[in-house]
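Notes for the structure review
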Amino acid sequence: MEGFNEFAFVLGGVNHWITIFLIMAGFYIIVSRSNMIKKLVGLSIFQTSVYLLYVSPGKIIGGTAPIIVEGNPEQLYSNPLPHVLILTAIVVGVATLALGLALVVRINEAYGSIEEDEIYGEDWD
Amino acid sequence: MEFLINLVLLLFLAAVTFAVIGVRNLFAVVILGGAYSFLMATLLIAMDAVDVGMTEAAVGAGVSTVLLLSALHLTNTEEAAARHSNVLPLALSLLTGAALIYGTWGLPDYGMADTAVNTYVGQQYLERSIPETTVPNVVTSVLASYRGYDTLGETTVIFTAGIGVLMLLRGRRPRKDKETSTGGDAT
């Protein structure tokens, strides 16, 4: 049992560390790339990784999905609250993505480019 | 076994993210983004978040990919080469990442039932859902019943975004100088 606990600690750590890597990779794409569609893909990677950060602490080992099974009071269930919050976040995420893409399409019509560098150059000339 | 599945899916996610950073063709980036969402949906189902997993597969891997592909159709599919160095963004994300990883030392172990997250509100919802709402799926009862106003707010956000997209794209006209070469879909 002791070994199992150690293992759970390391796995929990790895879980969080890879999640943090994904979040930071999304952030890196947003900041470093000049292409706006790539920026938006980076933004959605950032958003999607945050879901993991929420859902992962709600998971209970030996538990199951929070759908109540009648006649089995001993059954463990994972925490439903993070799931509800993230359901809302997913839908809001796609709404912001759609709005961002509409802006990119308009910017492309106005400037003929979706590269931030070229657009700034055009404005300064 | 559960641990192994989680670990493999997480490593796949990291690999896809590396590919997204490296690839310059935007069509490939969008498809990789869809693969990322689908892997994420699988991982969420492995963590018992079945409702979230299904929504992510439908909305993240489906609708988002369609939206991105439509935007690509209306713009450009090739990313220009970088003009400035990426040292500052890289340093910034490494620094923030290091601070966040330092923060994980204070978090409770993975999968434990007695953590603060899993004891108070979530447990109450699990106990009260059947007696108070008779809905066996607790996520549904919290979403539609206990936190109904939250969902109303969410619908307002989608409505506002929809109006915004409609107003931005209404009366669109392709640029005159590009129209001859692409034969664009003038409205």
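Now for a quick tour of the structure.

Parameters at a glance
Note on numbering: residues in each chain are counted from 1, in written sequence order. Both sets of labels track the order of writing: A upward for chains, 1 upward for ligands. pLDDT decides what is reported in this predicted model: residues at 70 or higher carry local features, side-chain atom pairs at 80 or more are listed and counted, and totals for whole chains, interfaces and linings draw on all residues regardless. To obtain the side-chain values, all non-hydrogen atoms of the structure were included, while hydrogens and water were left out. A run of DSSP states H or I qualifies as a helix once it reaches four residues; a run of E qualifies as a strand once it reaches two. Both are numbered from the N-terminal end. The globule rule used here is 2.2 Å times the number of residues to the 0.38 power, and the radius of gyration it is set against is calculated over C-alpha atoms. Buried means the residue's accessible area, taken with a 1.4 Å probe over protein chains only, is under 20% of the maximum for its type, while exposed means over 50%, and partly exposed covers the values in between. Any two residues whose heavy atoms approach within 4.5 Å at even a single point are treated as in contact. Using a 1.4 Å probe, accessible areas were evaluated by the Shrake-Rupley method; residue-level cover was limited to the displayed protein chains. The criterion for an aromatic pair is that two Phe, Tyr or Trp rings (for Trp, the six-membered ring) have centres within 6.5 Å, with stacked assigned to planes under 30 degrees apart, edge-to-face to planes over 60 apart and tilted to the rest. Put simply, buried Ala, Val, Leu, Ile, Met, Phe, Trp, Tyr and Cys residues joined by side-chain atoms within 4.5 Å make one nonpolar core. Domain extents, as shown, originate in an automatic or database domain assignment.

1. Things to note about the overall build of chain B
Along the backbone of chain B there are 9 helices and 0 strands. In chain B, the order of α-helices and β-strands from amino to carboxyl end is α-α-α-α-α-α-α-α-α. Since a compact globule built from 187 residues should have a radius of gyration of about 16 Å, the 22 Å found for chain B marks it as more spread out than a globular shape. For the C-alpha atoms alone, the extent of chain B along its principal axes is close to 65 × 40 × 30 Å. Expressed as a percentage of its 187 residues, the buried residues of chain B come to 34%. Summarising the internal contacts of chain B: among those between residues at least 6 apart in sequence, 47% fall at separations of at least 24. If you sum the accessible surface of chain B, you get close to 10800 Å²; carbon and sulfur atoms cover 70% of it.

2. So, the packing of aromatic side chains
Ring pairs (aromatic) are described by centroid distance and by the angle formed between their planes. Evaluation of the coordinates by the stated rule reveals 3 aromatic pairs over all chains. Judged by centre distance (6.0 Å) and plane angle (25 degrees), the rings of tryptophan 17 of chain A and tryptophan 105 of chain B are stacked. Here tryptophan 17 of chain A, found in helix H1 (residues 2–32), pairs with tryptophan 105 of chain B, found in the loop between helix H4 (87–103) and helix H5 (116–119), and the two come from separate chains. In this structure tryptophan 17 of chain A comes out as partly exposed when scored by relative accessible area, which is 32%.

3. Quick notes on the nonpolar core
Judged by nonpolar contacts, the single largest core of 57 residues is most densely connected at Ile37 and Leu52 of chain A together with Leu13, Val20, Tyr36, Val52 and Leu68 of chain B. Counting residues per element, the ones that place at least two in this core are H1, helix H2 (36–58) and helix H3 (80–111) of chain A together with helix H1 (2–22), helix H2 (26–46), helix H3 (50–74), helix H6 (121–133) and helix H7 (138–146) of chain B. Per-element tally for this core: the top contributor is H3 of chain A, with 10 residues. Residue-level mapping places this core at the junction of two domains, with at least three residues from each of domain 1 (1–78) and domain 2 (114–172) of chain B. The residues touching valine 52 of chain B, leaving out its near neighbours within four places in the chain, are His83, Ile86, Leu87 and Ile90 of chain A together with Leu44 of chain B.

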